[in-house]
Amino acid sequence: MKKYDFIITKDYESIYFFLKEAGFSENFIKNLRKKEGFLKINNEIVFMNHPLKKDDVLSIVGNPNTSTSIMHCILPLDIVYEDDYYLLLNKPSGLSSMPNKSHYTHNLAGAICHYLHDDEFTLRIVNRLDKDTAGLLLVAKDSIALNALKDFKKIYHAICCGEIDKDLVVDKPILTITENGVNQNKRVLSHLGKRATTFVHPIKTNGKYTLIELKLINGRTHQIRVHLSSIDHPLLGDCLYGSPSNLIDHTALLCKKISFYHPFLNQTLTFEIDYPDDFKALLNEL
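Keep in mind the model is a prediction, meaning the values are calculated, not measured.

Asks: How should I be thinking about the overall build of the protein in this particular structure?
Replies: Check the secondary structure of the protein and you find 6 helices and 16 strands. In terms of overall dimensions, the protein has C-alpha extents of about 65 × 45 × 40 Å along its principal axes. Every one of the 286 residues in the protein was classed for burial, and the buried ones make up 45%. Partitioning the contacts of the protein with sequence separation of at least 6, the portion at a separation of at least 24 is 65%.

Asks: Quick question: what am I supposed to make of the pairing of strand β5 (residues 79–82) here?
Replies: As a general feature of sheets, a regular strand has side chains that alternate between the two faces. Relative to strand β6 (residues 86–91), β5 is paired through 3 bridges, and the arrangement is antiparallel. Within the sheet, the bridge partner assigned to Glu82 lies in β6 and is Leu87. Counted between consecutive antiparallel strands, the loop separating β5 from β6 contains 3 residues.

Asks: Please explain the pattern of salt bridges as it appears in this structure.
Replies: Side chains that differ in charge, positive against negative, can pair when their charged atoms come close. According to the stated counting rule, one finds 12 salt bridges in the structure shown. Its salt-bridge partner being Lys153, residue Asp151 comes within 3.8 Å of it at the nearest N-O pair. Residue classification places Asp151 among the partly exposed positions, given a relative accessible area of 48%. The salt bridge partner of Asp238 is Arg225, with a shortest N-O separation of 2.8 Å.

Asks: It is not clear to me how helix α3 (residues 108–115) should be interpreted in this structure. Could you clarify?
Replies: Residue pairs three or four apart in sequence face the same way in an α-helix, which turns once every 3.6 residues. For α3, the tally of buried residues reaches 6 of 8 residues, placing the bulk of the element in the interior. Of all the residues in α3, the buried ones are Leu108, Ala109, Gly110, Ala111, Ile112 and Cys113. Two to three positions downstream of the cap, the backbone nitrogen of Ala109 sits 3.3 Å from a side-chain oxygen, assigning the N-cap of α3 to Asn107.

About the cut-offs
- Residues numbered from 1 in each chain as written.
- Predicted model: local features only at pLDDT ≥ 70, side-chain atom pairs only at ≥ 80, totals over all residues.
- Heavy atoms only, no water.
- Helix = DSSP H or I, 4+ residues; strand = E, 2+ residues; numbered from the N terminus.
- Buried < 20%, exposed > 50% of the residue type's maximum accessible area, 1.4 Å probe, protein only.
- Contact = heavy atoms within 4.5 Å.
- Pairing = 2+ DSSP bridges.
- Salt bridge = Lys/Arg side-chain N within 4 Å of Asp/Glu carboxyl O.
- Polar contact = N/O pair within 3.5 Å; in protein donor to acceptor, adjacent residues only side chain to side chain.

In structure tokens:
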């Protein structure tokens, strides 16, 4: 059973107020209340209403949330990094991150649950990628690891249609369309939507297509695809916001680089992957 230690930097009336300030959900706290022996201060078992003093060490012993019940499936995982708290994968295009009607028994979440199966595992994908998007995907192995994660950053590479020869900033709100209370697949730009900002940096172009680097603020669903389409540079192979391509059978989008502050190693980790083979073939044409 894992133990998570938190060094307290000021006084708190109770453990509850520390957990709320630290961003833990009411559901997490409620589950933690039910687990006798899961809370310790300076290695002494305590309860949720116990006060905290500066320099105390609060320990949460184990994960109080229920384990994930997603149907397991057996698929190969391209593991880039793993420790007791996080799992970093290189996801291929064409694989759904989560189960849905079309991919209920064949998805990355099911494969992760099979790989990490134990009585305490709670699946927490930090950055879900669209089915057609390849690249780095980070998994926190429980709610505590997810909540403690800091300074998470992603850099995408993509190939878009047309020539981009200077840095661009696309700052346009994105609205999720619902029908009978159900989210629809396609997103639209609307002043009623949520704030979304995309920074676009061209790397290489042949005038017809451009390799670009992208950094996001907010990270809305389909943000890159919606924003690039809105400036008449849809991603190559994007059938939803652009048009199909005979050069590639999926959206030419890759989460290429990830960095984050690892709270239990007390250091920033950075990872970068190479382009997939179909992406490389396209780059040879630029």
